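Residues per chain are reported as follows:
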Amino acid sequence: MSEIVTLSGHRGLALEEPLLFEVGEPGRTGVDLPEPPPFDRDRLGGCARRAPVGLPCLSEPQAVRHYTRLSQKNYGIDSGFYPLGSCTMKHNPRLSEKMARLPGFADIHPLQPPQTAQGALAAIEALADWLKGLTGMPAVAMSPAAGAHGEWCGLMAIRACLEDRGQARRRVLVPDSAHGTNPASAAMCGYGVESIPANADGRVDLDRLKAALGSDVACLMLTNPNTCGLFERDIVEIARLVHEAGAFFYCDGANFNAIVGRVRIADLGIDAMHINLHKTFSTPHGGGGPGAGPTVLSAELAPYAPLPFVVRDETGLRLVEHAAEAARLGAKPFGRIKGFHGQFGVFVRALAYIMSMGSDGLHQASADAVLNANYLLARLSADLSASFPGPCMHECLFDDRFLKDTGVTTLDFAKALIDEGFHPMTMYFPLVVHGALLMEPTETESRETLDQFIAVIQGLAAKARAGQAEDFRQAPRFTPRRRLDETLAARNPVLRWR
Amino acid sequence: MRYLPHTEADRRAMLGAVGVGHIDDLFRDVPAASYAARPLDLPPGRGEMAVERDLRRMAARSLPAGDAPFFIGAGLYRHHIPAAVDQLLLRGEFLTAYTPYQPEVSQGTLQMLFEFQTQVALITGMEVANASMYDGATACAEAAAMACRVTRRGRVILSGNLHPHYAQVTETALKHSGATIEALAPDPMGIEDALGRLMSDTACLIVQYPGFFGGLRDLKPLADACHEVGALLVVALADPVGLGLIEPPGAMGADIVVGEGQSLGIGLSYGGPGLGLFATRDKFVRQMPGRLAGQTVDVDGRTGYVLTLSTREQHIRREKATSNICTNSGLCALAFSIHLALLGGDGLARLAALNHAAALALEARLRAKGIRVLSPSYVNEFAVHLGDGADAAAIIDRLAARGILGGVPASRFYPDYPELRPVLILAATETNTEEDMDALAGALAEEAGR
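So, how was this worked out
- Residues numbered from 1 in each chain as written.
- Chains lettered and ligands numbered in written order.
- Predicted model: local features only at pLDDT ≥ 70, side-chain atom pairs only at ≥ 80, totals over all residues.
- Heavy atoms only, no water.
- Helix = DSSP H or I, 4+ residues; strand = E, 2+ residues; numbered from the N terminus.
- Buried < 20%, exposed > 50% of the residue type's maximum accessible area, 1.4 Å probe, protein only.
- Contact = heavy atoms within 4.5 Å.
- Areas by Shrake-Rupley, 256 points an atom, 1.4 Å probe, with all protein chains shown as cover.
- Lys, Arg positive; Asp, Glu negative; His and termini not counted.
- Charge placed at Lys NZ, Arg CZ, Asp CG, Glu CD.
- Rg over C-alpha atoms; globule rule 2.2 N^0.38 Å.
- Polar contact = N/O pair within 3.5 Å; in protein donor to acceptor, adjacent residues only side chain to side chain.
- Pairing = 2+ DSSP bridges.
- Axes fitted to C-alpha atoms, helices over the stretch in contact; angles between N-to-C directions.
- Domains from an automatic or database assignment.
- Buried area = accessible area lost by both parts, 1.4 Å probe.
- Salt bridge = Lys/Arg side-chain N within 4 Å of Asp/Glu carboxyl O.
- Parallel < 35°, antiparallel > 145°, perpendicular 65-115°, else oblique.
- Left-handed = near helix turned anticlockwise from the far one by under 90°.
- Nonpolar A, V, L, I, M, F, W, Y, C, P; charged D, E, K, R; others polar.

Topic: the overall build of chain B
Then step 1. A tally of regular secondary structure across chain B gives 12 helices and 13 strands.
Then step 2. Overall, the C-alpha framework of chain B stretches about 80 × 55 × 45 Å when taken along its three principal axes.
Then step 3. Within the span of chain B, comprising 450 residues, buried residues form 68% of the whole.
Then step 4. Taking all contacts inside chain B whose residues are at least 6 apart in sequence as the whole, residues at least 24 apart take part in 72%.
Then step 5. In the form shown here, chain B has an accessible surface area of approximately 14100 Å², with 50% of it arising from carbon and sulfur atoms.
Then step 6. Counting 39 positive and 50 negative side-chain charges, chain B places the centres of these two groups 4 Å from one another.

Set out below in structure tokens:
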């Protein structure tokens, strides 16, 4: 394909777009601003700018075209099936976008007097009530900005509670299938990290867990359902063992979407869990954020939740923003983790989604998410190599045994899917199986879409078995750019235009 | 349910293909005592119209900034956002994409991030910027941690002119790192002696520019003094618009520049999501937190972009990563980048000048009413003193009752400093009209008893 050359460099609807810095010109503008009145620069404290900023400028039509063309080089959920395991790429409702833009939510400042922000505080309270109701937990810290931030928040609360008890526990146990943020968050909290291997079932090895537990373990961080897409069926026993050792049980709630509306995590013995609103509650991922990671807490951990938090009194809703005031209410916050009050715009989107779904809709959503993943697992097991027997939860895990001796790698297989019009699954994660292919279809995909995907996967597997490895190595061929040289990018970093 | 495509027939057929009789069979690994076969006892789902009606009623209980004379800043600012910004953000290919792990289908996000990184580096005067952090406060905490790694030292000095949230988040984040945090007292007059605190074990000094109370100071002497003892100078920005008018921190010797990018392209949204800016020198790039987009070539030799230097990051390095950050603020970075592309360098300079002129005009009106302005220098935000014994918080509440959102009382951040009770922080932007300023000056003078 690449040998077909046009004069312009464009290829029909596949339009090339230069960098902003190559199209912008000084003297142009995309914003008509009035001429500023003349003023002396003597109030600038001797800091007046000496040289012009040196940024290019686009007129509005050029900017619209630049970003529209860039967008066309992206694949989103709106474009097609996006079975990226552990990322929960499901439909983002448009009502949520519309509601987040209401002036009473979008155009209010976090430092307005609380009596002028009652609607915003009510939205925070309403979402917090839903999160508590859906998890059965008594408290929720709303300010974490993303999943990893929520993990860290939960661990900080645990550490504050342990220090209050006079216990200097120093280790955090993390299964080896965990997302990389788990050990990174534990390290940021000053903890040593100890890895717990999985058993042949893809679940926590209870004997290894028992052996690792001890009086210096602060907590176990467990993802449930785990990153192999499996429910930790011994979870109640795990919680008992952890608590018996005097430790806390942190659950990474990245996969809460599999059980939302069906399992209240309080009933499993969990002490703290963050909830990725951008996964379970369908707020857009935006090409890498913003997310939000509210963290539910047990009664024992609740007093240590970070500042600020919303309280209701006779004057209405207000924020507690200082430790001294929190102390008067019996709380002992471990600190502040973010500017202002949390990812409010994400809260509104999540709230609109939850109100739309309700308890019945969420109950159905987790069912359909699990059904779709099991459908893929059942229909693909003959052609691919499933790592663990079903049933799975919201995602299904395959490894690269089916590619043995074909000369095709997991990477090649994923890139071939791109040419077929699908976003690849998660590759090489979790690390507990070789050449992992982790597929999460989500509940918002129709049976027709899944059937198309299954047919393509089966066809590709047959092609690999038929010895057409070179075809895979050439993929993708129909994308704006083909495989990119990541080694060159890292060896000789070019991180900005000059 | 409108977001779920399956019909009952689909579900039956699919359960059959899986080989189970009922959906509950797929949840058999869940302990029976913890499994709800029926929906929880919470409100049921509703249609768009009903949800929209409820949320509109809820939103109507707040007073939007656009409906009032509005002078609140203190870390977040109300600027005009060109209509094209939000329209472009809603392109589904941007809005509904994940972090660009598959570069062949993510060149849009990746090129945008490369452009964003360049824009941030250019306006801050730094060499390299990352693809965003959560917000200004968390970016500040990451800078402190990075300074400790770079210098292999553990003393961090926080200026009294640093936003209190930035200071508190930094203190919390470094609580268990072994570092010592020295936070200086609030400094509305800009007279603190930060240089006197620098020692041979100082990792960094963190100052805000312009300061939390609005004041400006030449950063060069601070940078020189830091470098003399082997420490880094970290500069926090609350409003990047001002950089159209004042020297960029990079030109004055800053080693790390962090900031809140909300002013460009991102609305107030009750304080989140924001956009953490993070820029530094090339020589420190491998100690940076967060994602980085880099330029490379594809197998056909064509220029393209990838996420790079990921050996710093949690998904590769796990507990040895430079940060635990994963999801960041990609879509907010896009908003910032579009707004800045529409402004260009000349537009940013003009916008900053309009902001400064608005603040000068506000100051003149307040002085005419006999109100004392504390900040000797500023871009678009300054502190005023409402008179001995005055309670700025009570006055602001009375203004709010009159429909005026008139600044932030310093006591909201510093309840333990009685001498700050009469102090009010006021911000002016290009959105303020002369009528707004007259309304504020008049009402403030009345309520402050002048």
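Some words on the overall build of chain A
Then step 1. A tally of helices and strands in chain A yields 16 helices and 13 strands.
Then step 2. Its C-alpha atoms give chain A a radius of gyration of 26 Å, within 12% of the compact-globule value 23 Å for 498 residues.
Then step 3. By residue count, 65% of the 498 residues in chain A fall in the buried class.
Then step 4. When contacts within chain A are restricted to residue pairs at least 6 apart in sequence, those whose partners lie at least 24 apart make up 69%.
Then step 5. Accessible surface for chain A amounts to roughly 16400 Å². Of this, 52% is attributable to carbon and sulfur atoms.
Then step 6. For chain A, the centre of its 49 positive side-chain charges and the centre of its 55 negative side-chain charges are spaced 3 Å apart.

Comments concerning the side chain of A:Arg481
Then step 1. Looking at the secondary structure, you find A:Arg481 in the loop between helix 15 (469-474) and helix 16 (486-491).
Then step 2. Here the side chain of A:Arg481 touches A:Glu16 through a polar contact of 2.7 Å, side chain to side chain.
Then step 3. Ignoring any residue separated from it by four or fewer positions in sequence, one finds A:Arg481 in contact with A:Glu16, B:Glu104, B:Gln107, B:Asp298, B:Arg302, B:Thr303 and B:Gly304.

Observations regarding the environment of A:Arg496
Then step 1. Following the sequence through the fold, A:Arg496 ends up in the segment after helix 16.
Then step 2. Residue classification places A:Arg496 among the buried positions, given a relative accessible area of 13%.
Then step 3. Residues A:Arg496 and A:Ala464, 32 residues apart in the sequence, show an inter-C-alpha distance of 39 Å.
Then step 4. One polar contact links the side chain of A:Arg496 to the main-chain carbonyl oxygen of B:Met126, over a distance of 3.2 Å.
Then step 5. Within the local environment of A:Arg496, its side chain forms a polar contact with the backbone oxygen of B:Glu127, the two atoms lying 3.2 Å apart.

Regarding the sheet that holds strand 13 (residues 423-427) of chain B
Residue and element names in this part refer to chain B.
Then step 1. Pairing is antiparallel across the open sheet formed by four strands, whose spatial order is 10-11-13-12. The sheet is open, and its two edges are formed by strand 10 (372-373) and strand 12 (408-409), each paired on a single side.
Then step 2. Sheet topology places strand 12 next to strand 13; two bridges connect them, and they run antiparallel. Bridging from a neighbouring strand, Val 408 pairs with Ile 425 of strand 13.
Then step 3. The sheet contacts of helix 10 (residues 330-368) involve strand 10, strand 11 (381-385) and strand 13, and relative to strand 11 the element is tilted by about 10 degrees.

Digging into the domain arrangement of chain B
Residues and elements named next belong to chain B.
Then step 1. When its domains are assigned, chain B resolves into domain 1 (65-80 + 344-448) and domain 2 (83-340).
Then step 2. Averaged C-alpha coordinates put domain 1 and domain 2 at centres separated by 27 Å.
Then step 3. Listed as interface residues are 33 residues of domain 1 and, on the opposing side, 32 residues of domain 2.
Then step 4. For the pairing of domain 1 and domain 2, the buried interface totals around 2700 Å² over both sides, and the portion due to carbon and sulfur atoms is 70%.
Then step 5. For the pair domain 1 and domain 2, the interface holds zero salt bridges.
Then step 6. Joining domain 1 to domain 2, the criterion identifies six residue pairs in polar contact (both at pLDDT 80 or more).
Then step 7. Going through the elements one at a time, helix 10 and strand 11 are the ones with two or more residues in the side of domain 1 that touches domain 2.
Then step 8. In terms of residue count, the dominant contributor to the side of domain 1 that touches domain 2 is helix 10 (eight residues).

Quick word on the pattern of salt bridges
Then step 1. In the structure shown here, the tally under the stated rule is 62 salt bridges over all chains.
Then step 2. The residue A:Glu443 makes a salt bridge to A:Lys90 at a minimum N-O spacing of 2.7 Å. Taken as a pair, A:Glu443 in the loop between strand 13 (437-439) and helix 14 (447-465) and A:Lys90 in the loop between helix 2 (60-71) and helix 3 (94-100) lie far apart in primary sequence, 353 residues in all.
Then step 3. We classify A:Glu443 as buried; its relative accessible area is 2%.
Then step 4. In this structure, B:Arg46 and B:Asp54 form a salt bridge, with 3.0 Å as the shortest nitrogen-oxygen distance.

What to know about the packing of helix 12 (residues 344-380) of chain A against helix 2 (residues 48-59) of chain B
Then step 1. Their axes nearest at 10 Å, the elements helix 12 of chain A and helix 2 of chain B cross at an angle of 140 degrees. The orientation of helix 12 of chain A with respect to helix 2 of chain B, classified from their angle, is oblique. For the pair helix 12 of chain A and helix 2 of chain B, the sense of crossing is right-handed. Packed against helix 12 of chain A, whose contacting residues are A:Leu351, A:Ala352, A:Met355 and A:Ser356, the element helix 2 of chain B presents B:Val51, B:Asp54, B:Leu55 and B:Met58 at the interface.
Then step 2. For the contact of helix 12 of chain A with helix 2 of chain B, the class distribution of residues is six nonpolar, one polar and one charged.

A short note on the interface of chain A and chain B
Then step 1. Contacts between chain A and chain B engage 203 residues on the former and 187 residues on the latter.
Then step 2. Counting the surface lost from both chain A and chain B, the interface buries some 16800 Å², and carbon and sulfur atoms represent 63% of this.
Then step 3. Area buried by chain A at its contact with chain B is led by A:Arg43, A:Tyr67 and A:Leu495, which between them contribute 5% of it.
Then step 4. Summed over the shared surface of chain A and chain B, the result is 16 salt bridges.

Some points on the sheet that holds strand 5 (residues 248-252) of chain A
Backbone-to-backbone hydrogen bonds pair the strands of a sheet. The strands run either parallel or antiparallel.
Residues and elements named next belong to chain A.
Then step 1. Across the sheet, which stays open at both edges, the seven strands sit in the order 1-7-6-5-4-2-3 with mixed pairing between neighbours. Two strands in the sheet have a free side with no partner beyond their single neighbour: strand 1 (139-141) and strand 3 (192-196). When strand polarity is set aside, the average angle formed by the axes of neighbouring strands in this sheet is 25 degrees.
Then step 2. Here three bridges tie strand 6 (residues 272-274) to strand 7 (residues 295-297), and the two strands are oriented antiparallel to one another. Bridged to Ala 272 within strand 7 is Leu 297.

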